[in-house]
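# Coordinates in review
Given next are the chains, with one letter for each unit.
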Amino acid sequence: FVDSKTIKCIAPMRDLAELVPVSVSHDGGSSWSTTLAYFEYRAVVDYLDRPLGHVSGGETVSVKGTGFNYRVSLCVFGNKVVPANVSSQYSLTCIAPRSDAAVKVPFAITSNSSALYDEYLEFQFKDPLSKVWGSWYVYSENPGFYVESVSPTTVSTMGGTPVTVVGEGFDRTSHCLFGDTTVKAQFLDAMTVRCISPPHAPASDIDF
């Protein structure tokens, strides 16, 4: 109870995404008010099985989460929307649309009943009660892998510094290219490799 016009309630858990009526009782549940308000339970994305694809699109993206049902009918890749195929309340798939450039875009799910895609992205990425803070999908011009970060980005010209590379799609055949010098990578996992920086001419930037 807040005041004569306002009360606060904690929404109970629900297994599926759906729109439910909200009523108020003053007698312990014997009678309820006429419903004039609705509350929306939204499905939540936990992760994408493989959040990477070619800029041409067409990859099947497997999405894991909770609350999926017939209402979850669209996947949102940045500002592009495609149909979703729900297989269970925990899993769905969708086909990645084409991208005009190699870019990392926010991913969300929504329903046909709402065109408020930005609102769903806001919910997925900024709701403090969400289990995760957003999912991303990466478009690459090199199918199968991409580099997200390199650390450190400044090393001695004498070489010999371990450089950690984080991305996607790495394996035991991976190499690092420092300018025009190739170095065998130490494979840590599919998202991380480490390379030893080679010697280089003083005071110069190189492509990686």
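The structure presented is a predicted model; accordingly, all values stated were derived computationally and were not measured.

The rules behind these values
- Residues numbered from 1 in each chain as written.
- Predicted model: local features only at pLDDT ≥ 70, side-chain atom pairs only at ≥ 80, totals over all residues.
- Heavy atoms only, no water.
- Helix = DSSP H or I, 4+ residues; strand = E, 2+ residues; numbered from the N terminus.
- Core = buried A, V, L, I, M, F, W, Y, C linked by side-chain atoms within 4.5 Å.
- Buried < 20%, exposed > 50% of the residue type's maximum accessible area, 1.4 Å probe, protein only.
- Pairing = 2+ DSSP bridges.
- Phe/Tyr/Trp six-rings, centres within 6.5 Å; stacked < 30°, edge-to-face > 60°.
- Patch = residues over 30% accessible without salt bridge, like charges linked within 9 Å, V, L, I, M, F, W, Y side chains within 5 Å.
- Areas by Shrake-Rupley, 256 points an atom, 1.4 Å probe, with all protein chains shown as cover.
- Salt bridge = Lys/Arg side-chain N within 4 Å of Asp/Glu carboxyl O.
- Axes fitted to C-alpha atoms, helices over the stretch in contact; angles between N-to-C directions.
- Disulfide = S-S within 2.5 Å.

This part covers unusual backbone geometry. Pro152 follows Ser151 through a cis peptide bond whose omega is -5 degrees. Of note, Pro152 is situated in the loop between β11 (146-151) and β12 (162-168).

Grouped together as the largest cluster of nonpolar side chains are 19 residues, with contacts concentrated most on Val63, Cys75, Phe77 and Phe107. Going through the elements one at a time, β3 (44-48), β5 (60-66), β6 (74-77), β7 (80-88), β8 (91-95), β9 (104-110) and β10 (135-140) are the ones with two or more residues in this core. Core analysis: the second largest hydrophobic core is formed by nine residues, Phe170, Phe178, Val183 and Cys195 among them.

The two faces of strand β13 (residues 175-178) differ: Cys176 and Phe178 on one face are buried, but His175 and Leu177 on the other face are not. In this sheet, strand β14 (residues 181-184) lies alongside β13 in antiparallel orientation, the contact comprising four bridges. Following the sheet pairing, Phe178 is matched in β14 by Thr181. Between β13 and β14, which pair antiparallel one after the other, the connecting turn spans two residues, and Gly179 there sits at a positive phi close to 65 degrees.

Throughout the structure, instances matching the rule amount to three aromatic pairs. The interplanar angle of 90 degrees and the centroid separation of 5.2 Å between the aromatic rings of Phe77 and Tyr137 together place this pair among those described as edge-to-face. With Phe77 in strand β6 and Tyr137 in strand β10, the pair connects residues that are 60 residues apart, well separated along the chain. When the ring of Tyr137 is compared with that of Tyr139, the centres are 5.1 Å apart and the planes differ by 75 degrees; the resulting orientation is edge-to-face.

Time to look at a nonpolar patch on the surface. A grouping of Phe1, Ile7 and Val24 is seen on the molecular surface, where their side chains present a nonpolar patch of about 320 Å² in accessible area. Summarising the element assignment, Val24 is placed in the loop between β1 (18-22) and β2 (37-41).

Relative to the assigned elements, Ser197 resides in the segment after β16 (192-196). Its relative accessible area of 4% is what places Ser197 among the buried residues.

Within the open sheet, the four strands sit side by side as β11-β12-β16-β15. Their pairing is antiparallel. Two strands lie at the open edges of the sheet, namely β11 and β15 (186-189), each paired on one side alone. Neighbouring strand axes in the sheet, compared pairwise and without regard to direction, differ in orientation by 25 degrees on average. By the bridge criterion, five bridges tie β12 to β16 in an arrangement that is antiparallel. Bridge assignment links Val163 to a residue of β16, and that residue is Cys195.

Below, the discussion takes up the state of the cysteines. Applying the stated criterion to the full structure yields two disulfides. The disulfide partner of Cys75 is Cys94, and the gap between their sulfur atoms is 2.4 Å. As the torsion about the S-S bond is roughly -100 degrees, the Cys75-Cys94 disulfide counts as left-handed. With a gap of 19 residues between them, Cys75 in strand β6 and Cys94 in strand β8 connect regions that are remote in the sequence.

The next subject is the sheet that holds β6. In space, the eight strands of this open sheet follow the order β3-β5-β8-β7-β6-β9-β10-β4, with mixed pairing throughout. Unpaired on one side and paired on the other, β3 and β4 (52-54) mark the two borders of the sheet. The mean inter-strand angle of the sheet, taken between neighbouring strand axes irrespective of direction, is 35 degrees. Of the strand pairs in this sheet, β6 and β7 are connected by four bridges, and their pairing is antiparallel. The residue bridging Cys75 from the neighbouring strand is Val82, located in β7.

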